[in-house]
Each structure stands twice: as structure tokens, then as C-alpha cells.
Amino acid sequence: MGVAALASVPAPVSVLVPVPVPVPAAVVVPEIDPFAVMNVVGLLAFAVAGALKAAEAGLDVFGVSVLGIVTALGGGTTRDVLVDRLPASLAGTWDMSVALVGVGVAIVLIHSIAGRVRDHPAFLTTDAVGLSAFAATGALVGVDAGVTSFGVVILATITAVGGGSIADILIGRVPVVLRDDFYATPAVVGGLAFLVARAVGAPTGVPSGLCAAVVFSVRLLALRYDWRLPRV
């Protein structure tokens, strides 16, 4: 082949193939279930409060455990029965396990409490936490069950005060909710706050969080300033 023929052959064209740039995968943040969070908080707090109440009443270890469990599970079980739902405490072992942990914490804690247990900040605080968390779970279950706004407030209140009321009856006391203590009213106010938050279109989790915060705040204010409902 001559030089002229070689010159007529076109030179190879270099083709640039684009190299794909890896795109970082989006970080998926798991959605927090408000009911699950409030339920665990309420179970722990009420188990501690109920067990402390039982220890003050002079019950043995078994009695303390029973009263702690009843306080933790009583309100939620009553709530679930009212909306024709299998109680969570009977559907699995999680709720019972959390309650037993709370009882264990109370047994350790009781030895460091001097004076009347029901006036001690440890009891009053855990009881207020349980009241607020369970009011929120009651409201959430009410919405899920499709009850009326009135029903949501009622379920919030029953869930919050039910376990403690059963525990008081077991140790021969008039339930605090029936006395002149400002106890059930915070749960009612919290249920109303839950409804208001839902009515204005608050994001998921906000209504239950607001409900718990309102109940906790009102209860602590009632303890601080000795608020009481008027007698007839």
C-alpha cells in the first residue's frame, strides 16, 4: 500500500464514554410511632408510681408487683375494652415486661425515700408523667377507633386515671379521682388540647405531644398551687 493510500485512511475517532457518578442514597428516617412512645413512658411511670403506693401501704413484694402492674395496665385495658379491641397487655408480653421493669425501679427507689411516699417528688413526678402519657394514648386510640370528639376526651381521661383508681380500690382507698384533688381535670384539658391540635392540621405526633405536655403542666401547677375542685 502506497503512502497516498495510507494518507486517505481516516484516523480512529476517540469516543469518550461518560463515567456514571454515584449518587448517595437518601437517608431514610424511620417514622416514630407516637402511641408506642407514649405507651412505654406511661407504663414505666405508672408501674413505678403504683409500686411506690403499694410499698407505702405495707404490702409484700408480691403485692407491690401486683399493684404496680395493675396501675400500669389498668387504664389501657379499660380503654381497649371500651373500643372493642383486644387489650395490648393480653396480645403480647411487651407491656407486661415494661411494667415489671417499672416495678423493679420502684423497689430499688423505695429505700431512698424518707417520709410519706405520696408527698415525695419521686412519686408525684412519676404519677404526673404516667397521667400525661396515658392521656395521650387514650386520645390516639379514640381517634383510631373513630369515636366522637367527646369520646376522645373520655378515653383520654379513663386511660389516664383508670389504673390508679383500680389500685386505690385494691388497697382500700377512695380513688384520688373521686376526691377533691385536681387529678382527672388535667386529663380532660389535655384531651381538649389534642382535639384542637388536630383541628388546626398539626403534623403527626404534635397532637399527642401537646396533650401530654398540657396534662403534665396542669398537674404540676395543681400540685404547686394546691388547686382543688369546689365541693358541693
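Residues numbered from 1 in each chain as written. Predicted model: local features only at pLDDT ≥ 70, side-chain atom pairs only at ≥ 80, totals over all residues. Heavy atoms only, no water.

### Side note on the overall build of the protein chain
Each helix and strand counted, the protein chain has 9 helices and 0 strands in total. Helices (α) and strands (β) of the protein chain occur, in sequence order from the N terminus, as α-α-α-α-α-α-α-α-α. For the protein chain, buried positions account for 42% of its 232 residues. Contacts in the protein chain between residues at least 24 apart in sequence constitute 73% of all its contacts with a sequence separation of at least 6. Summed over its atoms, the accessible surface of the protein chain is roughly 12,800 Å², and 70% of this surface lies on carbon and sulfur atoms. (Helix = DSSP H or I, 4+ residues; strand = E, 2+ residues; numbered from the N terminus. Buried < 20%, exposed > 50% of the residue type's maximum accessible area, 1.4 Å probe, protein only. Contact = heavy atoms within 4.5 Å. Areas by Shrake-Rupley, 256 points an atom, 1.4 Å probe, with all protein chains shown as cover.)

### Some points on helix H9 (residues 206-225)
In a regular helix each residue adds 1.5 Å, so 20 residues correspond to 28 Å; H9 covers 28 Å between its end C-alpha atoms and thus fits that length. Summarising the contacts, the buried residues of H9 are in contact with helix H2 (34-56), helix H6 (121-145) and helix H8 (184-199). Once H9 finishes, Asp226 follows within two positions and takes phi at roughly 55°, a positive value. (Expected span 1.5 Å × (residues − 1).)

### Section: the environment of Asp119
Residue placement: Asp119 occurs in the loop between helix H5 (94-109) and H6. At 3.1 Å, the side chain of Asp119 forms a polar contact with the side chain of Arg116. (Polar contact = N/O pair within 3.5 Å; in protein donor to acceptor, adjacent residues only side chain to side chain.)

### Points about the UniProt feature "transmembrane region" (unreviewed entry) in the protein chain
Per the UniProt record, "transmembrane region" (unreviewed entry) is annotated on residues 35-52, 59-76, 96-115, 122-143, 149-170, 182-200 and 206-223. Helix makes up 100% of residues 35-52 and strand 0%, and the two end C-alpha atoms of the span are 25 Å apart. Each end of residues 96-115 is marked by a C-alpha atom, and these two atoms are 30 Å apart; helix forms 70% of the span and strand 0%. (UniProt positions renumbered as here; feature names shortened; annotations may be inferred.)

### Comments concerning the nonpolar core
Counting 30 residues, the largest nonpolar core has Leu131 and Ala135 as its most contacted members. Of all the secondary structure elements, the ones that give two or more residues to this core are H2, helix H3 (61-82), H5, H6, helix H7 (149-170), H8 and H9. Looking at which element gives the most residues to this core, the answer is H6, with 6 residues. Sequence-distant contacts of Ala135, that is, excluding residues within four places in its chain, are made with Ala156, Ala160, Ala187, Cys211 and Val215. Core analysis: the next-biggest nonpolar cluster, separate from the first, contains 14 residues, Val48, Ala54, Leu67 and Ala167 among them. (Core = buried A, V, L, I, M, F, W, Y, C linked by side-chain atoms within 4.5 Å.)

### Looking at the side chain of Ser165
With respect to the element layout, Ser165 can be found in helix H7. What Ser165 contacts, discounting residues up to four positions off in sequence, is Pro175 and Val177.

### Quick look at H2
Counted at 1.5 Å a residue, the expected span for H2 with its 23 residues is 33 Å, and the 33 Å between its end C-alpha atoms agrees. The N-cap of H2, judged by a side-chain oxygen 3.2 Å from the amide nitrogen of Phe35 a few residues on, is Asp33. Positive backbone phi, at 85°, marks Gly58, one or two positions downstream of H2.

### Section: unusual backbone geometry
Despite not being glycine, Asp84 has its phi angle at roughly 60°, a positive value. Take Asp84: it is sitting in the loop between H3 and helix H4 (88-91). On the basis of relative accessibility, which here comes to 74%, the residue Asp84 falls in the exposed class. Notably, Asp226 is not glycine yet its phi reads approximately 55°, a positive angle. Relative to the helices and strands, Asp226 is located in the segment after H9.

### Observations regarding the packing of H2 against H3
Relative placement of two packed helices is described by the angle separating their axes and the distance separating the axes. Relative to each other, H2 and H3 sit at 140°, their axes nearing to 7 Å. Taken together, the axis directions place H2 and H3 in an arrangement best described as oblique. In the crossing of H2 with H3, the sense of the turn from one axis to the other is right-handed. Residues Phe35, Leu43, Phe46, Ala47, Gly50, Ala51, Lys53, Ala54 and Ala55 of H2 form the contact with H3, whose own contacting residues are Gly63, Val64, Leu67, Gly68, Thr71, Ala72, Leu73 and Arg79. (Axes fitted to C-alpha atoms, helices over the stretch in contact; angles between N-to-C directions. Parallel < 35°, antiparallel > 145°, perpendicular 65-115°, else oblique. Left-handed = near helix turned anticlockwise from the far one by under 90°.)

### Some remarks on the pattern of salt bridges
Tallied over the entire structure, the rule returns 7 salt bridges. Across the pair Arg79 and Asp80 runs a salt bridge whose closest N-O atoms are separated by 3.0 Å. Residue class for Arg79 comes out buried when judged on its relative accessible area of 2%. Within this structure, Lys53, Arg118 and Asp168 form a network of salt bridges that share partners. (Salt bridge = Lys/Arg side-chain N within 4 Å of Asp/Glu carboxyl O.)

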